[in-house]
Amino acid sequence: MNSSHAPEGTLTSTHWGTYRVQTRDGRVTALTGFEKDPDPSPIGQGIVDVLEGPLRIDAPMVRRGWLEHGPGPAGGARGRDEFVEVSWPRAIELVAGELARVRDQYGNEAIYGGSYGWSSAGRFHHAQSQLKRFLNSIGGYTTSVNTYSYAAAEVTLPYVLGDFYSMINGATSWDVIRERTGLFVAFGGVPLKNGQVTNGGVSRHVQRQGLLSAAEAGVKVVNVSPLRSDVLDEARMEWCALRPGTDVALLLAIAYTLDNEGLADRAFLDRYTVGFDRFRAYFQGEVDGVPKTPAWAAGKTGLAAERIHALAVEMASQRTMISVSWSLTRQDNGEQPYWAAIAVAAMLGQLGTPGGGIGFGYSAMNAIGDNYRGIPGAALPQGRNPVEGFIPVARISDMLLHPGETFEYNGMTGTYPRIRLVYWAGGNPFHHHQDLVRLREAWQRPDTVIAHEWCWNAHAKHADIVLPANTSLERNDIALSVREPFLIYMEQAIESVGQSMADYDIFTALADALGARETFTEGRDEAAWLEYLYAGTRERAATHGVQLPDFESLKAQGWFEAPARDEPQVLLKAFRDDPDANPLKTPSGRIEIFSETVAGFGYAECPGYPFWKDPVEWLGAADATTPLHLISNQPATKLHSQLDHGQHSRSGKRNGREPVVIHPDDAAPRGIRDGSPVRLFNERGSCLCTAVVSDEVRPGVLQVSTGAWYDPPAEEGTGLSCLHGNPNVLTRDQGTSRLAQGPSALSCLVDIEAYAGDPPPMTAFTPPPIRRGD
Ligand SMILES: Nc1nc2c(c(=O)[nH]1)N[C@H]1C(S)=C(S)[C@@H](COP(=O)(O)OP(=O)(O)OC[C@H]3O[C@@H](n4cnc5c(=O)[nH]c(N)nc54)[C@H](O)[C@@H]3O)O[C@H]1N2
Ligand SMILES: Nc1nc2c(c(=O)[nH]1)N[C@H]1C(S)=C(S)[C@@H](COP(=O)(O)OP(=O)(O)OC[C@H]3O[C@@H](n4cnc5c(=O)[nH]c(N)nc54)[C@H](O)[C@@H]3O)O[C@H]1N2
Ligand SMILES: [Mo]
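Along each chain, residues carry numbers from 1 onward, in the same order as the chain's sequence is written. A letter from A marks each chain and a number from 1 marks each ligand, given out in the order of writing. For this predicted model, a pLDDT threshold of at least 70 governs which residues receive local features, and a threshold of 80 or more governs which side-chain atom pairs are given and counted, while totals over whole chains, interfaces and linings are taken from all residues. Hydrogens and water are ignored here; the side-chain numbers use all heavy atoms of the structure.

Only DSSP runs of H or I with at least four residues qualify as helices, and only runs of E with at least two residues qualify as strands; both kinds are numbered from the N terminus onward. Counting its regular elements, the protein contains 25 helices and 30 strands. Any two residues whose heavy atoms approach within 4.5 Å are treated as being in contact. In the protein, once contacts between residues fewer than 6 apart in sequence are set aside, the share between residues at least 24 apart is 75%. Throughout, the Shrake-Rupley method with a 1.4 Å probe supplies accessible areas, and for residues the shown protein chains are the sole cover considered. When the accessible surface of the protein is totalled, it reaches about 26,600 Å², and 47% of it is carbon and sulfur. Counting rule applied: Lys, Arg positive; Asp, Glu negative; His and chain ends not counted. Charge positions come from single atoms, namely NZ of Lys, CZ of Arg, CG of Asp or CD of Glu. Positive and negative side-chain charges of the protein, numbering 69 and 91 respectively, have mean locations separated by a distance of 1 Å.

Spelled out as structure tokens, the structure:
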């Protein structure tokens, strides 16, 4: 071995890539791409300039009003008060005391520990698992179910295809698409910006190469999206710029065309599906008197009827892969687009063939379509939660504002508990939730809000007690994702910044104070847990035919690469080969184009087959007050709100604010020019942005990436709810439907105007007022 060529720096893993950490004098100077990654993401570098500095939370902090008056509803002070620095022993005493008070007076269900969010990569220090394990060790908590990413699919696909996660992870490999696919119809595109990320840690970025090599091999890509940039121009792309939220209408008209022109594969439908005739009766107009013709769909989608007809015929004439982006589920009636796409794929009869059928979100993450034998890793055991109550994750404001009221979800009726204490570690509700003005009001209701954070974002600013967490550069960990080829030993690169601590050590101190230390730690420290989790991972890997090195060898090498699959992956191949031997996990074992179970729930908006209902907010309902549709999609320069304060994300802003992309036809009549400060608004809220005038959006559509740190003005009367450009002050806080109650952020109407005068200064990147040294 020639050690002079060994790469410099310890390895770290993040959701956006694996990097070598360069340090000098105990400080991080750069994150350079892992030598095994052909296409490293620049997002990683974003942490370097913010690891230390004014926005790093360097000590435990308590909101002054809480410290002086004790727990109780905050009446608007949460998010406005100053903070007081306290010592760690005092912070632990306050938090443990408050947990004990709430538990003893109101029971564990009064503690909300759903704590949704992505946190950082690393199996052991996964903040949400740490929190849940801790809360279970003291008697449990009210939890949340499903995700913000695709709740509607998580609930619906088990009824239609028997499962959702195996459908994502089982996506047909890019290699197969390159060789076998003729037409790739991408609803929501193949956005490479998103392929920078995989949850659990990316090691080798493959999306760019996957897409471009398919295009070079002759695969034609149709980008069905309001945004041209959802597919690289180089990728032989045809842009089909439909109105947002109308994919179901388009798919119904494709189904109608296939059926009426004798292009539907009846043999496939008979053998592999149930309920097609119920669906057929609907799209033929027998149920509501409205045949779902291309002309009908033209009125919904804004696409020409001829174009819709031609697309259907083109899809039936060759090997066609339908890709449906996850964004389609985060809208009003977000249960329906996947169901409709599955029905069309079934009519084409290509499910389970190499290069044909369906894929759930190519490039939604890096790992979709890769070709590795995933390593099924052991995770931190969370223990048992004796509290049975839960909420659908995006119903948090409803829960806080309407305790005791009922909600419908997936065929059952639940009751919102009365929450006294909210405990969050590893997520940012003031990033991810819709209608932040409403959330901010709801956030005043509990007695106490506790947050573990490492930076002064809106989530930290809206807590009563803020406990300073380490970043993953200040801890040892193991990263692996079942969807990625490398297992990484994440070696601590620097000492803890300020008084920050690992979430694990914070919870250990709290568990100790509450008499649960042994239950929480099982006598292990970080090193012992890593050995324990690695041993479990090694055992599991062996049962999957992957031999992992021993722990010391892994630490020495830094990484382990899982072998590629023997055969490239083809989604639903086993089912197609033999549906009797390999039935789906649906009641019938077949694809349920009509689901008796869902129909049995009696939800008018989900009759049990793919169904169109006009959304509440879409261009079909645009009027003089809200004429435009706002798309708030994933940001290219970061993951959600993480590292928004770092240099890389800031370099993507315009005049320091979040850009809004607007079509020239919408900009001109409003006197908006490229670079103009603008105000976006609707009845829920308003925010400042900087205009980027471009024809890469469809007319009538605005695009603002998510992730700009929420920045409510300190003063009343500015007419603004956010000074920075967080689109979630505009989005609607409404469940997708009663079936999944998922978030419906992408169904949102707004208006925009040029902002007259000097915009007020931003405060998102200023820490709150802090009183030190009491
Ligand atoms: N309008 C709109 N809204 C959306 C979406 C959309 O498309 N449009 N998308 C939704 C989707 S898909 C998602 S997944 C959500 C994402 O929402 P979140 O996952 O909540 O967003 P993040 O910004 O990743 O939040 C992670 C937080 O964890 C903190 N953190 C990082 N490492 C650690 C650690 O080690 N310990 C602790 N204690 N904290 C840590 C970070 O500082 C950050 O504040 O947003 C949703 N919101
Ligand atoms: N860089 C980066 N990558 C990420 C993330 C990130 O924050 N940053 N987040 C990760 C997470 S948590 C998730 S869940 C995935 C999400 O993956 P996606 O849901 O696929 O991501 P989005 O960017 O929200 O949406 C993809 C595209 O869908 C288009 N679109 C929006 N509405 C409609 C519609 O009604 N119809 C059609 N046909 N198209 C529409 C938008 O133009 C958008 O660019 O991304 C992951 N990858
Ligand atoms: Mo997500």
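On we go from here.
Right, let's talk about helix 8 (residues 247-260) for a bit. An α-helix turns once every 3.6 residues. As a result, residues three or four positions apart point the same way. Multiplying 1.5 Å by the residue count of a helix minus one yields the expected span of that helix. Taking 1.5 Å of rise per residue, the 14 residues of helix 8 would be expected to cover 20 Å, and the 20 Å separating its terminal C-alpha atoms lies within 8% of that figure. Any residue under 20% of the maximum accessible area for its type is buried, any over 50% is exposed, and the rest in between are partly exposed; the area is computed with a 1.4 Å probe on protein chains only. Extensive coverage of helix 8 is indicated by the burial of 13 of its 14 residues. Directly after helix 8, the chain includes Gly262, whose backbone phi takes a positive value near 65°.

Take the nonpolar core next. Generally speaking, a soluble globular protein has its nonpolar side chains buried in company with each other. Formed by 173 residues in total, the largest nonpolar core has its most connected members in Phe279, Phe360 and Leu680. No other element matches the 11 residues that helix 13 (residues 336-348) contributes to this core. Not counting residues within four places of it along the chain, the set of residues in contact with Leu680 comprises Leu630, Val660, Gly685, Ser686, Cys687, Cys689, Leu702, Val704, Leu730, Asp751 and Ile752. Definition used in this section: a nonpolar core is a set of buried Ala, Val, Leu, Ile, Met, Phe, Trp, Tyr and Cys residues joined via side-chain atoms within 4.5 Å. If you look at the next biggest cluster of nonpolar residues, it comprises 53 residues, including Ala96, Ala425, Leu510 and Leu533.

With that settled, the discussion passes to the layout of surface pockets. A pocket, in this scheme, is an open set of points on a 1 Å grid over the protein atoms alone with protein on both sides within 12 Å along at least 5 of 7 lines, while a cavity is a set where a 1.4 Å probe fits but cannot get out; residues line either one if an atom lies within 4 Å of a point. Grid points are joined across faces, edges and corners, and a volume is the space filled by probe spheres set on the points. Within this model, the largest pocket holds a volume of roughly 980 Å³. Taken together, 37 residues line the largest pocket, and the ones lying closest to its centre are Gly117, His126, Gln128, Asn199 and Gly200. Secondary structure elements with two or more residues in the lining of the largest pocket: helix 3 (127-137), strand 7 (143-145), helix 5 (165-169) and strand 20 (477-479). Ranked by the residues each element gives to the lining of the largest pocket, the list is headed by helix 3, at 3 residues. Amino acids are sorted into nonpolar (Ala, Val, Leu, Ile, Met, Phe, Trp, Tyr, Cys and Pro), charged (Asp, Glu, Lys and Arg) and polar (every other residue, Gly among them). Here the residues of the lining of the largest pocket sort into 16 nonpolar, 18 polar and 3 charged. Considering only enclosed or pocket space, the second largest pocket measures out at about 590 Å³ in volume. Taken together, 28 residues form the lining of the second largest pocket, with Lys193, Ser229, Pro635, Ala636 and Ser705 sitting closest to its centre. Across the lining of the second largest pocket, the residue classes break down as 12 nonpolar, 9 polar and 7 charged. An automatic or database domain assignment supplies the residue ranges for each domain. Residue contributions to the lining of the second largest pocket reach at least three from each of two domains, namely domain 2 (151-363 + 571-600) and domain 3 (628-754).

Let us now look at the site of ligand 2. Close to ligand 2 lie 32 residues, the nearest being Lys193, Asp230, Gly245, Ser327 and Arg330. Between Arg330 and ligand 2, the recorded distance is 2.7 Å, taken from a side-chain N or O atom to an oxygen atom. Contact between ligand 2 and Lys638: a nitrogen atom at 2.7 Å from a main-chain N or O atom of the residue. The fraction of the free accessible surface of ligand 2 (910 Å²) that becomes covered by protein chains is 99%. Each residue belonging to the shell around ligand 2 can be placed in one class, and the counts come to 15 nonpolar, 12 polar and 5 charged. Only a single heavy atom is needed: when it lies within 4 Å of a molecule or strand, its residue is near that molecule or strand. In the analysis that follows, any N or O atom pair within 3.5 Å is treated as a polar contact, provided that within protein one partner can donate a hydrogen and the other can accept it, and provided that, for residues neighboring in sequence, both atoms belong to side chains.

Salt bridges are counted wherever a side-chain nitrogen of Lys or Arg sits within 4 Å of a carboxyl oxygen of Asp or Glu. Applying the stated rule across the entire model yields 51 salt bridges. When the shortest N-O distance is used, the salt bridge between Arg80 and Glu716 registers 3.6 Å. Taken together, the positions of Arg80 in the loop between helix 1 (64-69) and strand 5 (83-85) and Glu716 in the loop between strand 28 (701-703) and strand 29 (749-754) put the pair 636 residues apart, joining distant regions of the chain. When its relative accessible area of 43% is taken as the criterion, Arg80 is described as partly exposed. With a relative accessible area of 67%, Glu716 lands in the exposed category. Beyond isolated ion pairs, a larger network of salt bridges with shared partners links Arg63, Arg78, Asp81 and Asp464.

Let us now look at the domain arrangement of the protein. What the domain assignment lists for the protein is domain 1 (61-148 + 376-561), domain 2 (151-363 + 571-600) and domain 3 (628-754). For domain 2 versus domain 3, the separation of C-alpha centres amounts to 29 Å. Taken together, the contact pairs 29 residues of domain 2 with 24 residues of domain 3. By buried area we mean how much accessible surface two parts lose on assembly, using a 1.4 Å probe and totalling the loss over both. The contact between domain 2 and domain 3 buries some 2,100 Å² in all, and 59% of this surface belongs to carbon and sulfur atoms. Taken together, the links from domain 2 to domain 3 amount to 1 salt bridge. In this structure, Arg228 and Asp695 form a salt bridge, with 3.5 Å as the shortest nitrogen-oxygen distance. Linking domain 2 with domain 3 are 13 residue pairs in polar contact (both at pLDDT 80 or more), by the criterion used here. Broken down by element, the residue count for the side of domain 2 that touches domain 3 peaks at 5 residues, all from helix 4 (residues 151-160).

Neighbouring ligand 1 are 33 residues; Asn428, His432, Glu453, Ser641 and Asn728 lie closest to it. Between ligand 1 and His452 there is a distance of 3.2 Å, counted from a nitrogen atom to a backbone nitrogen or oxygen. The separation between an oxygen atom of ligand 1 and a polar side-chain atom of Gln634 is 3.0 Å. Burial of ligand 1 by the protein amounts to 98% of the accessible area it has alone, namely 920 Å². Of the residues contributing to the shell around ligand 1, the split by class is 8 nonpolar, 21 polar and 4 charged. Here the shell around ligand 1 spans two domains, and each of domain 1 (61-148 + 376-561) and domain 3 (628-754) adds at least three residues to it.

A few words on empty space enclosed by the protein. Applying the stated rule across the entire model yields 2 cavities of 30 Å³ or more. Of the volumes computed, that of the second largest cavity is approximately 90 Å³. Considering the residues around the second largest cavity, the lining is formed by Gly245, Val248, Gln331, Asp332, Asn333, Gln336, Pro337, Glu605, Phe611, Trp612, Lys613 and Pro615. Broken down by class, the residue content of the lining of the second largest cavity amounts to 5 nonpolar, 4 polar and 3 charged.

Before going further, it helps to spend a moment on the UniProt feature "domain: Molybdopterin oxidoreductase" (unreviewed entry) in the protein. UniProt positions are given in the numbering used here, feature names are shortened, and annotations may be inferred rather than shown by experiment. Feature annotation in UniProt places "domain: Molybdopterin oxidoreductase" (unreviewed entry) on residues 56-512, given in this structure's numbering. Across residues 56-512, helical content stands at 35% and strand content at 15%; the span's end C-alpha atoms are separated by 27 Å.

Before going further, it helps to examine the packing of aromatic side chains. The rule is short: rings of Phe, Tyr and Trp, with Trp giving its six-membered ring, pair when the centres are within 6.5 Å, and they are stacked under 30 degrees, edge-to-face over 60, tilted in between. Following the criterion strictly, the structure yields 47 aromatic pairs and no others. Here a set of aromatic residues connected by ring pairs shows up, and it is made of Phe124, Phe134, Tyr423, Tyr504, Phe507, Phe520, Trp529 and Tyr532. The ring of Trp296 has Lys292 sitting right over it, with the charged end atom 5.7 Å from the ring centre. Only when the NZ of Lys or the CZ of Arg is both within 6 Å of the ring centre and within 35 degrees of the ring normal is a charge said to sit over the ring.

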